[in-house]
Amino acid sequence: MTGTIHDQAALWMARARDPRFSDWDALTDWLEADPAHNLAYEAAFAGHDMAGLMAETIAPSAAPGQAPPWRRRAVVGGGLTALAAAAAGVLALLGPYGAPSAEMVAQTGPGQHRLIRLADGTRIALNGDTRLVLDRGNGRTARLERGEALFDVVHNETRPFSVDVDGARMVDLGTRFDVVRGTRGSEVAVAQGAVLYDPDGAAVRLGPGRVLRKADGSNIVEVNQADPATIGAWQSGQLVYRDAPLSRVADDLSRSTGARIVVDAALANRPFTGAIVLAGNDRDALARRLAGIVDVTVAQRRDGLYLKARARR
Amino acid sequence: MLAARQRLRQVERALATLGERTQSIFRRFRIDGVSQSRIAQEEGISLSAVEKHLQRAYRTVAALVDEDQDVVPTKRNRAP
């Protein structure tokens, strides 16, 4: 048993959920020290979410897509960090189905996270600047119109869960997977289980760690391998990359932080490998961090950050 | 709503094993969003004592998640 790790995770959770918590660097160090720390922290986070049900019995009238006041308070109190936002955005979407509108839209603004639970236990985590349309009738179909969503699907052999993105369909085969509808293309990455991409056409089966990318305006899909443990890590405020173009990194950062992060055209395709931890909402700190991690010069602009190549001497 | 009600009962039952004080401190923190330092003032105890109460509560609800595979389906495929 890893009892001590779970105790530590519980302590970090208690600390980090405090509105006055500021020691994000130490938490980050602890999370990065051992993958088991991450898992324990994830469990503590899920426990935090689950305990939130106690509040919903007090304020049960949360309309979909609109956080009740106590949650909004929680976000402000939490200093608008990526982690706090993830916890504060918990939204229970539980029956009854068959309401007048057949579709239900779940949306987030830049820098916001939201967790959706479906009646069957399926959980969908929305990253920032994301729009997801759910079918209220069957509860097993979703369409990602923009942004990024991490699906934890409760598998049902007879009622497979499917996600449409950019006209292509993917069907869950028992899974945790991440879908991105980006500005230049779409991507699906499988953390656990398997997904069947385009079942009626190419029918590509994607197992754990498989990442499928399709650029807009192209019919070619490209499949790569990633570390399954890093897929969906954005949910805990971590962006992990292996040979990802900097333009992609900037897109993700914009979504997650709400700041506009732009990469100089000369750097857009430069590959980046590494992890960026989003801790806090301090733009100066983020700029300093990025300059070090990504090895670029970061210029502050009124609405965000501009990344360009370091001047060489 | 049944699943949510069941989970809620699970949380409440688990927290009930921790005693009155831990429970009320956790509620103040998690549901009312009150800071640890203010809870310490209210309860007349030290900040680190508040932290310990919260740690126990979080440890308990986290364990619930590990147990209940339906709550966190991501744990399904993991080896025990």
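Where do I start with the nonpolar core in this structure?
It is characteristic of soluble globular proteins that their nonpolar side chains tend to be buried jointly. Counting 46 residues, the largest nonpolar core has Leu27(A) and Tyr41(A) as its most contacted members. Contributions of two or more residues to this core are made by helix H1 (3-16), helix H2 (24-33), helix H3 (35-51) and helix H4 (53-56) of chain A together with helix H1 (2-16), helix H2 (20-30), helix H3 (36-43) and helix H4 (47-67) of chain B. Counting residues in each nonpolar core, the second largest holds 27 residues, with Leu150(A), Trp234(A), Phe272(A) and Ala287(A) among its members.

Would you mind going over the sheet that holds strand E18 (residues 297-301) of chain A with me for this structure?
The pairing of strands in a sheet happens through backbone hydrogen bonds and is either parallel or antiparallel. Residue and element names in this part refer to chain A. Taken in spatial order, the three strands of this open sheet run E16-E19-E18, and their pairing is mixed. Across the chains shown, the open sheet's two edge strands, defined by having one partner strand only, are strand E16 (260-263) and E18. With direction set aside, neighbouring strand axes in the sheet form an average angle of 20 degrees. Two strands pair when backbone bridges link them, and E18 and strand E19 (residues 304-308) are joined in this way by five bridges, in the antiparallel orientation. Bridging from a neighbouring strand, Thr297 pairs with Lys308 of E19. In the packing of helix H8 (residues 283-295) onto the sheet, contacts are made with E16, E18 and E19, and the angle to E18 comes to roughly 160 degrees.

Is there a simple way to think about the confidence of the model for chain A in this case?
Low-pLDDT stretches of the model should not have their predicted coordinates read in fine detail. Residues and elements named next belong to chain A. Residue-level pLDDT values for chain A average 76, and 83% of them are 70 or greater. Helix H5 (residues 69-77) is the least confidently modelled element of chain A, averaging 26 in pLDDT, while strand E7 (residues 162-165) averages 93, the highest of any element. Contacts from residues 57-101, a stretch scored under 50 in pLDDT, to residues over four places away or in other chains number 82 contacts.

Sorry if this is basic, but what is going on with the pattern of salt bridges here?
Opposite charge on two side chains permits them to pair, given that their charged atoms come into close proximity. All names here are of chain A. Throughout the structure, instances matching the rule amount to 22 salt bridges over all chains. In this structure, Asp152 engages Arg123 in a salt bridge whose closest nitrogen and oxygen atoms are separated by 4.0 Å. In this pair, Asp152 is assigned in strand E6 (residues 141-152) and Arg123 in strand E4 (residues 123-126), connecting sequence segments 29 residues apart. Neither Asp152 nor Arg123 differs from the other in exposure class; each is buried. For Arg248, the salt bridge goes to Glu187, with nearest N and O atoms at 2.5 Å. With a gap of 61 residues between them, Arg248 in helix H7 (residues 246-257) and Glu187 in strand E10 (residues 185-192) connect regions that are remote in the sequence. Taken individually, Arg248 and Glu187 each receive the classification buried, so the pair is uniform in this respect. Several salt bridges share partner residues, and in doing so they unite Glu148, Glu187, Arg213, Arg248, Asp252 and Arg255 into one network.

In this structure, what is going on with the packing of H2(A) against H3(A)? I would like to understand it.
Any two packed helices are characterised by how steeply their axes cross, that is the angle between the axes, and by the distance between the axes. Residue and element names in this part refer to chain A. Here H2 crosses H3 at 115 degrees, and the two axes come no closer than 5 Å. Counting all contacts with H2, which are made through Leu27, Trp30, Leu31 and Ala33, the residues of H3 involved are His37, Asn38 and Tyr41. Split by residue class, the contact of H2 with H3 holds five nonpolar, two polar and no charged.

Rules used in this analysis
Residues numbered from 1 in each chain as written. Chains lettered and ligands numbered in written order. Predicted model: local features only at pLDDT ≥ 70, side-chain atom pairs only at ≥ 80, totals over all residues. Heavy atoms only, no water. Core = buried A, V, L, I, M, F, W, Y, C linked by side-chain atoms within 4.5 Å. Buried < 20%, exposed > 50% of the residue type's maximum accessible area, 1.4 Å probe, protein only. Helix = DSSP H or I, 4+ residues; strand = E, 2+ residues; numbered from the N terminus. Pairing = 2+ DSSP bridges. Axes fitted to C-alpha atoms, helices over the stretch in contact; angles between N-to-C directions. Contact = heavy atoms within 4.5 Å. pLDDT = per-residue confidence, 0-100. Salt bridge = Lys/Arg side-chain N within 4 Å of Asp/Glu carboxyl O. Nonpolar A, V, L, I, M, F, W, Y, C, P; charged D, E, K, R; others polar.

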